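Geometric and topological summary
If you want the building blocks of each chain, they are given just below.
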Amino acid sequence: MLEIRDLVKIYPGPVVALKGVSITIPNGLFGLLGPNGAGKSTLMNIVAGLLEPTGGSVTLDGADIVKDPRRVWSRLGYLPQDFGFYPHLTGAQTLDLLLRLKGVDAPGGRRRLVHELLERVNLADAAKRRVKGYSGGMRQRLGIAQAIAGDPRLLIVDEPTAGLDPDERMRFYRLIAELGQERIVLLSTHIVEDVATLCPRLAIIRGGRAVLVSETAAARSRLDATMYEGVVDGEGLAAVRASHRVTQAYLQEGSRHRVRVHAPDGEPPAGFVSVPPTLEDVYFVAMRDAERAATAGGGAA
Ligand code: ADP
């Protein structure tokens, strides 16, 4: 269990990046969702024991990460957003170097561990190729291989699917889902689909606060019978925006717009039909509610 309590981070400036975040995270995949600048990386860096918070606590199975990060590091794997590689090394050489730097124990020998890890992330065939020839997805999987060395209790991945093509993303999803069966995986992203596909639990972070912490399915079903969809022209869209809370509007060919609205009073615009809620809807509604609350509270968003 990962327990994050009343976490506050103030950077010099001052920039208040976290304003008191509390989240309890059990085994499995947990999604941390929020726009750029929300405080996700700050939170991840504190949980990884790389950054000291201004206040609050983080414990992993009872061990205090803030007070004694060294004790927890061996049980923690981290794939940061900007993971650096040496392009001229092969995949196997890269991993060997990273394992040495990390001081990972390899009872059966490091070569064997390197091979096992590459197999695990489906890169065994590319072990002898230079990393500079790897695709974005292959690099991410190599990053995961170093992160899972030593079989960590907690795996932290920051924006892992940014820049991956759809095939690579699916492959990465499968790997992460597998890893989440036996440990805590904290996945930070601004891509709602990542969380919708992978994470049974999530938190939505906005302006340094956790504005929603929930099981993903429960968050979705709280919006049951409140979401509606319809197709309107440009003028219609303006009218719907004025009368309803629009969660999404896509332009379709012929300048028509497919529009989703949140109508908790059960009174959608004329011609709109009830649709099952998606996690995108959850995200938009949570963000909008938080924005309203912040405005009502004096603008301290
Ligand atoms: P996210 O990962 O959600 O994009 P971050 O945690 O990177 O958000 O940033 C949260 C806020 O803290 C932003 O306003 C950002 O500009 C600020 N911030 C991040 N790192 C620093 C830093 N080292 N010094 C000052 N401000 C920072």
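Above this text is the structure in question.
Figured I'd write up the structure that's included with this text. (Residues numbered from 1 in each chain as written. Predicted model: local features only at pLDDT ≥ 70, side-chain atom pairs only at ≥ 80, totals over all residues. Heavy atoms only, no water.)

Here's the deal with the site of the ligand
Stated formally: Note on terminology: near, applied to a residue and a molecule or strand, indicates that one of the residue's heavy atoms is within 4 Å of it. Pairs of N or O atoms are called polar contacts if they sit within 3.5 Å, as long as, within protein, a hydrogen donor faces a hydrogen acceptor (for residues adjacent in sequence, only side-chain-to-side-chain pairs). Residue-level accessible areas treat just the shown protein chains as cover; the underlying method is Shrake-Rupley with a 1.4 Å probe. Only DSSP runs of H or I reaching four residues or more are called helices, and only runs of E reaching two or more are called strands; each is numbered from the N terminus. Side-chain classes follow a simple rule in which Ala, Val, Leu, Ile, Met, Phe, Trp, Tyr, Cys and Pro form the nonpolar group, Asp, Glu, Lys and Arg form the charged group, and the remainder, Gly included, forms the polar group.
Taken together, Tyr11, Val15, Ala17, Pro35, Asn36, Gly37, Ala38, Gly39, Lys40, Ser41 and Thr42 make up the full set of residues adjacent to the ligand. Taking Gly39, its main chain carries an N or O atom lying 3.0 Å from an oxygen atom of the ligand. Taking Thr42, its side chain carries an N or O atom lying 2.5 Å from an oxygen atom of the ligand. Isolated, the ligand exposes 560 Å² of accessible area, and the fraction of that covered by the protein chains is 60%. Elements with a minimum of two residues in the shell around the ligand: strand S2 (15-25) and helix H1 (40-47). Tallied by class, residues from the shell around the ligand come to five nonpolar, five polar and one charged.

Topic: the nonpolar core
Stated precisely, the cut-off is as follows: Take the buried Ala, Val, Leu, Ile, Met, Phe, Trp, Tyr and Cys residues and link them wherever side-chain atoms come within 4.5 Å; each set so joined is a nonpolar core. Buried means the residue's accessible area, taken with a 1.4 Å probe over protein chains only, is under 20% of the maximum for its type, while exposed means over 50%, and partly exposed covers the values in between. A domain assignment, automatic or from a database, supplies the domain bounds used here.
Counting 53 residues, the largest nonpolar core has Leu117, Leu123, Leu142, Ile144, Ile176, Leu202 and Ile204 as its most contacted members. When we break this core down by domain, the ones giving at least three residues each are domain 1 (2-220) and domain 2 (224-296). In this structure, Leu2, Leu7, Val58 and Ile65 belong to the second largest nonpolar core, which totals 28 residues.

Description of the packing of helix H5 (residues 136-148) against helix H6 (residues 166-179)
Using the following cut-off: Convention adopted: a line fitted to C-alpha atoms gives each axis, helices being fitted over their contacting stretch, and angles between N-to-C directions are expressed from 0 to 180 degrees. Angle categories are assigned with fixed cut-offs, so that under 35 degrees is roughly parallel, over 145 is roughly antiparallel, 65 to 115 is roughly perpendicular, and the rest are oblique. Handedness of each helix crossing follows the sense of rotation of the near helix against the far helix: counterclockwise by less than a right angle gives left-handed, clockwise gives right-handed. Whether two residues touch is decided by their heavy atoms; if any such pair falls within 4.5 Å, the residues are in contact.
One can describe the packing of H5 onto H6 by two numbers: an axis separation of 9 Å at closest approach and a directional angle of 15°. In this view, H5 runs roughly parallel relative to H6, as classed from their interaxial angle. Crossing handedness for the pair H5 and H6: right-handed. Residues Gly136, Gly137, Met138, Gln140, Arg141, Ile144 and Ile148 of H5 pack against Glu168, Arg171, Phe172, Leu175, Ile176 and Leu179 of H6. The residue inventory of the contact of H5 with H6, partitioned by class, reads seven nonpolar, three polar and three charged.

A short note on H5
What counts, and what does not: Every helix has an expected span of 1.5 Å times one less than the residues it contains.
The terminal C-alpha atoms of H5, which comprises 13 residues, lie 19 Å apart, in line with the 18 Å expected from a rise of 1.5 Å per residue. The element H5 is extensively covered by neighbouring structure, given that eleven of its 13 residues are classed as buried. When we look at burial in H5, the residues that qualify are Gly137, Met138, Gln140, Arg141, Leu142, Gly143, Ile144, Ala145, Gln146, Ala147 and Ile148. Buried residues along H5 sit against strand S6 (76-79), helix H3 (91-102), helix H4 (110-120), strand S7 (154-158) and H6. The positive-phi residue at the C-terminal boundary of H5 is Gly150, with phi of around 85°.

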